[in-house]
Protein chains: 2
Amino acid sequence: MNRPEGAARRSRIQQRNRKRILEAALDIFSQYGFRGATLDQIAEAAGLSKPNILYYFSGKEAIHVTLLNDLMDAWLAPMREIDPAGEPLEEILRYVHRKLEMSREFPRESRLFANEILQGAPRIGPHLTSVLKPLVDETAALIGRWIDAGRLARVDPYHLIFSIWATTQHYADFDAQVQVLAEGHDVHEGAAAYLDMLYRQLLTP
Amino acid sequence: MNRPEGAARRSRIQQRNRKRILEAALDIFSQYGFRGATLDQIAEAAGLSKPNILYYFSGKEAIHVTLLNDLMDAWLAPMREIDPAGEPLEEILRYVHRKLEMSREFPRESRLFANEILQGAPRIGPHLTSVLKPLVDETAALIGRWIDAGRLARVDPYHLIFSIWATTQHYADFDAQVQVLAEGHDVHEGAAAYLDMLYRQLLTP
DNA sequence: CCACAATCTGACCAACCGGTCAAGAATTTT
DNA sequence: AAAATTCTTGACCGGTTGGTCAGATTGTGG
């Protein structure tokens, strides 16, 4: 009697169906938000019956929390890859470009997070404190050292990080607006060039 | 037999109660999104009974649309106030500061819009095309002329506008995250100084 | 091929949701 | 103060939602 819920070993069927469910749930949750999404929608998108979905997850909220936790790591990977031994300006610009790339490749993940934060992070709040904050503090300290060494212009590291997040994720989260206003132009190519210039101008000592 | 729904003259009671309802609805919608909000929540927040709310508005969607339309004007006012005859850099920086100020003073309005756009602008899409787009096109053209006259550095006006929106509204929309990471610091004062430097560095010819 | 566990589903349920309605209470008009 | 109109509400309704459960079906190890 295995519980699919726990983190124990999973059979091939469990692996396959859990993946299906999470994939479908990402679609639905990112599009309609937590309360706007329904289990029936997720079930249909996953090609499973609703009771079957509740065989693999204890409830709607468990699916949502699992999604957010699983995604958090991938979402923070670019920041973890900033190399303290690298050339500061190039490291920051590489980070900006990777974040912009993720906005294009994983817009659903971006919107899922945005939805959660917008509503006050009711289900991922603790994770922010325990996982996100230490990483950001560490990165901010690194940037601070780079600035003190005269290798970057003097800016507030935290606001720098906020503005990088804001400017890159904007293209995923506010895509509906961007599409109306850009109207056909190659948005991402232009964004890459613009953001490169923006942060190069700001950070060049 | 007046219909409170129409744009006709409104009695004092109608004015007061419509205002109460919209105020309460702004609270609830901005916190939970459209589908996440319930008429019962709005009714309780407004101190009115549910049927009474439906006496003033034809339905949940009508309240939401009214909110969005009423807010759109106030939201775009700072962009309308950019003075074509002013000093370009100062005009842009003033716009940035006004937008940041609105993020602090009207975070609920910011989140209401963010929620709507995140979900694909299903209820305000036409408004984006008919109201927002012409204004943005006009402003972008103005910035383009300033650039051609050598009074601003050469940047893509549309991406400049996107980045101003992203960086300023971030402090309202992602407040839950910012609060965790900033932890006590005076966020808005720091943001104002940072954004001033950011756009000054970028735009100075 | 058999026994046992794992997987799956139709039928069902209580709670909630947006919205209606008839009738009562309050206000304004005459 | 009577009549007419506006405002308010308790009771109710059909549909949806998250979740349950008994039992059927499928997969698996011996």
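Here the structure is a predicted model, which is why all the values come from computation and not from measurement.

S.K.: I tried to follow the interface of chain B and chain A on my own but got confused; where do I start?
M.R.: Many analyses report the size of an interface as the accessible area lost when the parts associate. In this assembly, 51 residues from chain B lie in contact with 51 residues from chain A. Overall, the association of chain B and chain A removes approximately 4,500 Å² of surface from exposure, summing both partners, and the carbon and sulfur fraction of that is 70%. A per-residue breakdown of the area chain B buries against chain A is headed by L118, L181 and Y194 of chain B, which together make up 17% of the total. At the surface where chain B touches chain A, the tally comes to 2 salt bridges. Close ionic contact of E183 of chain A with K133 of chain B constitutes a salt bridge, the shortest N to O distance being 3.1 Å. Run the count over chain B and chain A and you get 10 residue pairs in polar contact (both at pLDDT 80 or more).

S.K.: In this structure, what is going on with the packing of aromatic side chains? I would like to understand it.
M.R.: Each aromatic ring pair is described using two quantities: the centre-to-centre distance and the angle formed by the ring planes. All names here are of chain B. As enumerated under the stated definition, the model contains 10 aromatic pairs over all chains in all. Consider the rings of Y55 and Y56, whose centres lie 5.1 Å apart with planes at 80 degrees: the pair is edge-to-face. We classify Y56 as buried; its relative accessible area is 4%. With a centroid separation of 6.2 Å and an interplanar angle of 45 degrees, the aromatic rings of F162 and W165 are classed as tilted.

S.K.: Before we go on, may I ask you to explain empty space enclosed by the protein in this structure?
M.R.: Think of a ball as big as a water molecule: rolled over the atoms, this probe shows where empty space is left. Inspection of every chain in the model, using the stated rule, returns 10 cavities of 30 Å³ or more. Size it by volume and the largest cavity reaches roughly 190 Å³. Along its surface, the largest cavity is lined by 17 residues, and W75, F113, W165 and Q169 of chain A together with Q177 of chain B are the ones closest to its centre. Secondary structure elements with two or more residues in the lining of the largest cavity: helix 4 (60-80), helix 5 (88-105), helix 6 (107-118), helix 7 (125-148) and helix 8 (157-173) of chain A. Take the lining of the largest cavity: its biggest share by element is 5 residues, from helix 4 of chain A. Its volume calculated, the second largest cavity comes out at about 140 Å³. Lining of the second largest cavity is provided by 13 residues; of these, Q177 of chain A together with W75, F113, L132 and Q169 of chain B occupy positions nearest its centre. Looking at the lining of the second largest cavity, the elements that each hand over two or more residues are helix 4 (60-80), helix 6 (107-118), helix 7 (125-148) and helix 8 (157-173) of chain B.

S.K.: What is the right way to look at the relation of the copies chain B and chain A in this model?
M.R.: The transformation that overlays chain B on chain A combines an axial shift of 0.0 Å with a rotation of 179 degrees, and the residual RMSD is 0.2 Å. Expressed as an axis order, the relation between the two copies is that of a two-fold axis. Same-surface contact between copies: 100% of interface residues of chain B are shared with the interface of chain A.

S.K.: Sorry, what's going on with the packing of helix 6 of chain A against helix 6 of chain B here?
M.R.: Geometry of a packed helix pair, given as the angle between the helix axes and the separation of the axes. Relative to each other, helix 6 of chain A and helix 6 of chain B sit at 155 degrees, their axes nearing to 11 Å. Classified by the angle between their axes, helix 6 of chain A and helix 6 of chain B sit roughly antiparallel to one another. Crossing hand, helix 6 of chain A versus helix 6 of chain B: left-handed. Residues R111, A114, N115 and L118 of chain A of helix 6 of chain A touch helix 6 of chain B, and the partners they reach there are R111, A114, N115 and L118 of chain B. When grouped by side-chain class, the residues that make up the contact of helix 6 of chain A with helix 6 of chain B number 4 nonpolar, 2 polar and 2 charged.

Conventions we followed
Residues numbered from 1 in each chain as written. Chains lettered and ligands numbered in written order. Predicted model: local features only at pLDDT ≥ 70, side-chain atom pairs only at ≥ 80, totals over all residues. Heavy atoms only, no water. Contact = heavy atoms within 4.5 Å. Buried area = accessible area lost by both parts, 1.4 Å probe. Salt bridge = Lys/Arg side-chain N within 4 Å of Asp/Glu carboxyl O. Polar contact = N/O pair within 3.5 Å; in protein donor to acceptor, adjacent residues only side chain to side chain. Phe/Tyr/Trp six-rings, centres within 6.5 Å; stacked < 30°, edge-to-face > 60°. Buried < 20%, exposed > 50% of the residue type's maximum accessible area, 1.4 Å probe, protein only. 1 Å grid on protein atoms, 1.4 Å probe; cavity = no way out; pocket = protein on both sides within 12 Å on 5 of 7 lines; lining within 4 Å. Points joined across faces, edges and corners; volume = space filled by probe spheres on them. Helix = DSSP H or I, 4+ residues; strand = E, 2+ residues; numbered from the N terminus. Least-squares fit on C-alpha atoms with pLDDT ≥ 70 in both. Axes fitted to C-alpha atoms, helices over the stretch in contact; angles between N-to-C directions. Parallel < 35°, antiparallel > 145°, perpendicular 65-115°, else oblique. Left-handed = near helix turned anticlockwise from the far one by under 90°. Nonpolar A, V, L, I, M, F, W, Y, C, P; charged D, E, K, R; others polar.

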